[in-house]
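# Fold and contact review
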Amino acid sequence: MWTKIAHTILKKRPVFLVIIALVTVFMGYHARKVQKSYELAQLVPPSDIDYQYLKNFKAKYGEDGNIVAIGLMDAKVYQLKNFNALKKLADDVKKIDGVTQVLSLPRMQYLAKDTTNRKFINRPVFSENPKSQQELDSLLNFAKTLRFYENQLVNAENGATMILVSMDKVILNSPERDVLIGKIYELTNRFIAQTKIQLHYAGVPVVRNTMMTKVGKELTNLLIFSLLATALVLFIFFKSLKAVIFPLLIIGVVVIWTMGMLGLFGYEITILTGLLPPILVVIGIPNAVYLLNKYHQEFRRHGNKIKALSTIIRKIGVVTLMTNTTTAIGFFVFSFMEINILREFGIVASINIMSTFVVSLILLPIFFSYLPAPKSRELTHLDRRPLNAVLTNFENIVFNHKKIVYAVLVMILVASSIGISKMKVVAFMVDDIPAESRIKRDLAFFEENFSGVMPLEVVIDTRRKKGVINLRNLQQVDAFETELRKIGLLSPPVSIINFIKATRQAYYLNDSSYYTLPTRNDQGFILQYLKTNSQDTSATAKLLSAFVDTTGQTMRISLKVADVGSIKMDSLINQVVRPQVIKNFYTPKTRDFSTMDDDELVTRGERMAESITKEFFNPRSLKVEITGTTLLFIKGNTYLVNNLKNSLLLAIVLISILMAVLFGSFRMILVSILTNIIPLAVTAGLMGFFGVPLKPSTALIFSIAFGIAVDDSIHYLARYRQELFANKFFVPDAIKVSLKETGTGMIYTSIILFFGFVVFVSSEFQGTVWLGGLTSITLITAMFANLLLLPSMLLSFDSGKYTKSSYQMIEEYDEFHLEDDDEEIDMDLLKVYKED
């Protein structure tokens, strides 16, 4: 079969060139349609209960992650000129199209009692710019009495303040979001230039804007760097511009196909799919290395260019197909996941890895068939003495020091086990951005002064219409909020409770001592005012609708939390907040919560996280659910890491099956899988020792690296199998020849892969840095394992007793081919004839 493929490719060169050119133009057209993703990555499947609940919550109350926070801490802001500049900034931001609300100290409003219409009306504290410092100070003192805003917009201890900007949810997930944020930056930059006051920015929209802006730059920079790195290594190896230009041209075709496929499938550029072009550059080049190296070996053997090109297709086509298949499997396993961002990444990567094989196998022989035959200086890399010396040393170690190899292996495994025991599964919502970056510093500002900006929501269902205004329910919720205020990692809660307390303060002429829930004596009067407010379209009514549903049955408590990482966040929710929910709202069927100790409450809280509440749910009680983007992030991180572990196991199983089909020997499957699992253990151990957490960006490494690393084993074992027959099943000779023949290619490709992935360390995203650095370490470790451990294990455990019929899949790999396959192809006969 491979003989026919080789002859067809070389005889119909123009046809193949035209076909590939047309496909490239087609893909290039669709590549123009690819857009950046503006939506927050969904890390849990759509069928997940918590995801569905959050989706319903957003439909009822709006987005929980649509706030842009602008913070500052400078006493100069309370000077007349600077305060008026801050007020102008807040007013100008409100005028931006797509901004729905702006809350800030200069735009602070209070409730006033309208006795004529028996309702509360909103009035601005700063109706116009204060004219003097004395007037400003007086208004600021009045603002301090409005306890509704206490520690919400202003930190009472140090004077830090912030502007909260709400965005339209339609704009939030569209390109207009970046335009809107750009306009905000224009206004804030003018304020900074005018007042010399430093501003800080935070919020989910800001983080997403920063991430996607960097993704666009990363796509270009990493692609350029990976091309330069691989080009340099290719030139050092082959000392020929032809060996650099044409492989890179082939990779350029595959990159266009990749981007076109994203557009064709309707996928967007995410932080993962944005890495595909540079990854395919790095992964695709080894195909060219194996083909070129074999081409030069064959040409030196007999001096016939066309025969050499035909031979490289016939002799290593099937094995190159298998190695690309194993690499593709490392990515393809992600396509089985329900998480869109990973599934899209896996589908496009696996398809285009196979495309790389097809394009390389067709275009490289065609290109070099048109070029002059290799000159003697282009073949000098075959005699590279230092590399031959290295392989000789490896051979010496394998044959004379196997015990040392096994002893080192045991020590490595013991050390790796210790390191693995130190690994932690943890991720942060703002995870991939460097610690020294501006956005990280700004987040630290909000965490220090306002307990963070990450959204967390508590939804309370009173189980009946208008149950929210029931005084007993309000008192129960108020007691819960009092406990929440004691939790240092949470911001003060905001809910209808705050508003009702503010109405009582307003009812008593804004005396701050009346900032409490109505009593039985005055609740009737105050609720009558509120009833009138609920029937109008004022800002007060809009505020009510933001915290209570239209039926008055459910209410929300909005909190902000610091980005403390998934471990602490999980503990906060399940060991602090949920037990408090149980204590305040649930009554067990057996005994009172007052008799439970803290450990039992924590256990109950964790069981609630698993939706096991029927055991102690009292139907007459309020029903409480915790939701929000932050909660879903915790669950998504755990779900994703567990699924990535499963994807690694699936990759091992699929590659083992492929090896069984290819070699048909349990011993060969076992030694090759073990050889390539060891580098993964080394990498995991290093992660534990150096404190690199296991999270989505690092868990990706293992299945990808395993799929790539096993390629060397396939090349070595395929050659080893052939040498067994050529050397009358004498294992030592087969191992020696295989090491010399495939060792050079293995070292070449491993070095190319190493430097190709090391380029990713230049990324601004920490996850990409770890992906590049750890994958590089894994692949270099795999190279040594395949050059030392694999032949050592074969020498120790393989008897060499095989039958030729067991290896039909690789029958044409090397020495097993018909003599007719070596027939010389006459260049003069390679013509394209027109059909009549």
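Residues numbered from 1 in each chain as written. Predicted model: local features only at pLDDT ≥ 70, side-chain atom pairs only at ≥ 80, totals over all residues. Heavy atoms only, no water.

### Comments concerning the overall build of the protein chain
Rule in force here: Strands here mean DSSP runs of E at least two residues long; helices mean DSSP runs of H or I at least four residues long; both are numbered from the N terminus. Burial classification: accessible surface area is computed with a 1.4 Å probe over protein chains only, and a residue below 20% of its type maximum counts as buried, one above 50% as exposed, and the rest as partly exposed. Residue contacts are defined here by distance: any two heavy atoms, one from each residue, within 4.5 Å place the two residues in contact. Per-residue and other accessible areas follow the Shrake-Rupley method at a 1.4 Å probe size, with only the shown protein chains counted as cover for residues.
Looking only at helices and strands, the protein chain has 26 helices and nine strands in total. With 836 residues in all, the protein chain has 58% of them scored as buried. Sequence separation of at least 24 residues holds for 81% of the intrachain contacts in the protein chain that already meet a minimum separation of 6. Summed over its atoms, the accessible surface of the protein chain is roughly 35,900 Å², and 58% of this surface lies on carbon and sulfur atoms.

### Here we look at the packing of helix H7 (residues 176-195) against helix H8 (residues 204-238)
What counts is decided by this rule: The axes used here are C-alpha line fits, helices contributing only the stretch in contact, and every angle between their N-to-C directions lies in the interval 0 to 180 degrees. Any angle between 65 and 115 degrees counts as roughly perpendicular, while under 35 counts as roughly parallel, over 145 as roughly antiparallel, and the rest as oblique. Residue type decides the class: Asp, Glu, Lys and Arg count as charged, Ala, Val, Leu, Ile, Met, Phe, Trp, Tyr, Cys and Pro as nonpolar, and the leftover types, Gly among them, as polar.
Packing of H7 against H8 leaves a shortest axis separation of 10 Å and a crossing angle of 105°. Taken together, the axes of H7 and H8 lie roughly perpendicular to each other. For the pair H7 and H8, the contacting residues are Arg-177, Asp-178, Ile-181 and Tyr-185 in the first and Pro-205, Val-206, Arg-208, Asn-209 and Met-212 in the second. Within the contact of H7 with H8, the residues separate by chemical class into five nonpolar, one polar and three charged.

### Regarding the side chain of Thr-744
Take Thr-744: it is sitting in helix H25 (residues 731-758). In this structure Thr-744 touches Asn-293, Leu-387 and Leu-391, once residues within four positions along its chain are discounted.

### With respect to a nonpolar patch on the surface
To keep things clear, this is the line we draw: Within this analysis, patches are made of residues with over 30% relative accessible area and no salt bridge. Like charges are joined at 9 Å or less; nonpolar side chains (Val, Leu, Ile, Met, Phe, Trp, Tyr) at 5 Å or less. Throughout this description, the term salt bridge denotes a Lys or Arg side-chain nitrogen within 4 Å of a carboxyl oxygen of Asp or Glu.
On the surface, a cluster of nonpolar side chains totalling about 520 Å² of accessible area is made up of Val-410, Val-414, Ile-418, Phe-689 and Phe-690. The leading source of residues in the nonpolar patch is helix H14 (residues 402-421), at three residues. By the secondary structure assignment, Val-414 is in helix H14. Among the residues examined, Val-414 registers a relative accessible area of 47% and is labelled partly exposed.

### Here we look at the packing of aromatic side chains
To keep it simple, the criterion reads: Only Phe, Tyr and Trp rings are paired, with Trp represented by its six-membered ring, and only when their centres lie within 6.5 Å; those with planes under 30 degrees apart are stacked, over 60 edge-to-face, the remainder tilted. A ring is considered to have a charge above it if a Lys NZ or an Arg CZ atom is located within 6 Å of its centre and within 35 degrees of its normal.
Using the criterion set out here, one finds 22 aromatic pairs in the structure. Where Phe-265 meets Tyr-267, the ring centres are 5.6 Å apart and the plane angle is 70°; that geometry is what we call edge-to-face. Residue Phe-265 is classed as partly exposed on the basis of its relative accessible area of 37%. Taking relative accessible area as the criterion, Tyr-267 reaches 17% and is therefore assigned buried. Seen from their ring centres, Phe-332 and Phe-336 are 5.2 Å apart, and the 80° between their planes marks the pair as edge-to-face. Note on Phe-332: relative accessible area 35%, which makes it partly exposed. Ring pairs connect the aromatic residues Phe-246, Tyr-295, Phe-367 and Phe-368, which therefore count as one cluster. Over the aromatic face of Tyr-370 sits the side chain of Arg-13, whose NZ or CZ is 4.2 Å from the ring centroid.

### Brief notes about the sheet that holds strand S7 (residues 454-461)
Stated formally: Whether two strands pair depends on DSSP finding at least two bridges between them.
Sheet architecture is open: three strands sit in the order S8-S7-S9, paired in antiparallel fashion. Among the strands making up the open sheet, the edge pair consists of strand S8 (554-561) and strand S9 (623-627). Ignoring which end each strand starts from, the neighbouring axes of this sheet average 20° apart. As defined by bridge partners, S7 adjoins S8 across eight bridges and the pair is classed as antiparallel. Along S8, the bridge assignment pairs Leu-456 with Leu-559. Lying on the sheet, helix H16 (residues 471-484) is in contact with S7 and S8; it crosses S8 at an angle near 5°.

### A word on helix H12 (residues 340-370)
This is how the line gets drawn: For a helix, the expected span equals 1.5 Å multiplied by the residue count minus one. Consider a residue and the seven residues that end there alongside the seven that start there; fitting an axis to each set, the bend is the angle between those axes.
Its 31 residues give H12 an end-to-end C-alpha distance of 44 Å, which sits within 8% of 45 Å, the value for a rise of 1.5 Å per residue. Approximately 25° is the largest bend angle found in H12, and it occurs at Ser-360. Across the 31 residues that make up H12, a large majority, 24, are buried.

### Digging into unusual backbone geometry
Within the chain, Lys-466 stands out as a residue other than glycine whose phi angle is a positive 60°. Considering the arrangement of structural elements, one finds Lys-466 in the loop between S7 and H16. In the Ramachandran plot, Leu-509 falls in the positive-phi region, its phi being about 60° despite a non-glycine side chain.

### So, the packing of helix H11 (residues 305-332) against helix H22 (residues 629-663)
Packed helix pairs are characterised by how far apart their axes lie and by the angle those axes make with each other. Heads up, the rule is: Helix crossings get a hand from a simple test, with the near helix turned counterclockwise from the far one by less than a right angle marking a left-handed crossing and a clockwise turn marking a right-handed one.
Running from amino to carboxyl end, H11 crosses H22 at an angle of 165°, the nearest separation of the two axes being 9 Å. Classified by the angle between their axes, H11 and H22 sit roughly antiparallel to one another. Remark: the crossing between H11 and H22 carries right-handed chirality. The residues of H22 that touch H11, namely those facing Met-322, Thr-325, Thr-326 and Ile-329, are Ala-651, Leu-654, Ile-655, Leu-658 and Leu-662.

### Quick look at the sheet that holds strand S5 (residues 161-167)
Strand order in the open sheet made by the four strands is S2-S5-S1-S6, with antiparallel pairing throughout. The sheet is open, and its two borders are formed by strand S2 (99-103) and strand S6 (200-202), each paired with just one other strand. The average angle at which neighbouring strand axes cross in this sheet is 20°, direction not considered. The sheet contacts of helix H4 (residues 80-94) involve strand S1 (67-72), S2 and S5, and relative to S2 the element is tilted by about 160°. The strands that H8 touches are S1, S5 and S6; relative to S1, the one it contacts most, it runs at about 95°.

### Observations regarding the environment of Pro-696
Note that Pro-696 resides in helix H24 (residues 696-726). Not counting the four nearest positions on each side in its chain, Pro-696 is found in contact with Ala-427, Asn-637, Leu-640, Val-641 and Leu-644.

### Notes on the environment of Glu-741
Mapped onto the fold, Glu-741 is located in helix H25. Residue classification places Glu-741 among the partly exposed residues on the basis of a relative accessible area of 29%. Between the C-alpha atoms of Glu-741 and Arg-719, which are 22 residues apart in sequence, the distance is 7.9 Å. Not counting the four nearest positions on each side in its chain, Glu-741 is found in contact with Gln-297 and Arg-719.

### A few points about the pattern of salt bridges
Considering all chains together, one arrives at 17 salt bridges under this definition. Among the ionic pairs, Arg-107 bridges to Asp-91, the shortest N-O distance being 2.8 Å. Taken as a pair, Arg-107 in the loop between S2 and strand S3 (109-114) and Asp-91 in helix H4 lie far apart in primary sequence, 16 residues in all. Looking at Asp-91, the relative accessible area reads 22%, which means it is partly exposed. For Glu-298, the salt bridge is made with Lys-294, and the minimal N-O distance between the two is 3.6 Å. Here Glu-298 and its partner Lys-294 are both found in helix H10 (residues 276-302), four residues apart, which amounts to about one turn of the helix. Here the two residues Glu-298 and Lys-294 agree in accessibility, since each one is buried.

### Overview of H16
Defined as follows: Two N or O atoms count as a polar contact when they lie within 3.5 Å, although within protein this holds only if one can serve as hydrogen donor and the other as acceptor, and sequence-adjacent residues are included solely when both atoms are side-chain atoms.
A rise of 1.5 Å per residue sets the reference length of H16, with its 14 residues, at 20 Å; its end C-alpha atoms lie 20 Å apart and thus fit the reference within 8%. Residue Asn-470 occupies the N-cap position of H16, its side-chain oxygen lying 2.9 Å from the main-chain nitrogen of Arg-472.

### Some thoughts on the pairing of strand S4 (residues 119-124)
Pairing of S3 with S4, which is carried by six bridges, proceeds in the antiparallel orientation. Along S4, the bridge assignment pairs Leu-111 with Asn-122. Hairpin remark: S3 followed by S4, antiparallel, with four residues in the connecting loop; positive phi at Arg-118, about 50°.

### Digging into the environment of Phe-702
Tracing the backbone shows Phe-702 in helix H24. Here the alpha-carbon distance between Phe-702 and Ser-647, two residues 55 residues apart in the chain, equals 9.2 Å.

### Some points on the side chain of Thr-258
Take Thr-258: it is sitting in helix H9 (residues 242-265). In this view, Thr-258 contacts Leu-276, Leu-280, Val-348 and Asn-352; residues no more than four positions away in its chain are not counted.

### Digging into the confidence of the model for the protein chain
The condition is simple: Per-residue confidence from the predictor is reported as pLDDT, which spans 0 to 100.
Confidence in the prediction for the protein chain averages 83 pLDDT; 88% of positions are at 70 or higher. Every residue in residues 606-614 scores below 50 in pLDDT, and together they form 13 contacts with partners more than four places removed in sequence or on other chains. For residues 811-836, every residue scores under 50 in pLDDT, and the model assigns this stretch 49 contacts once sequence neighbours within four places are set aside.

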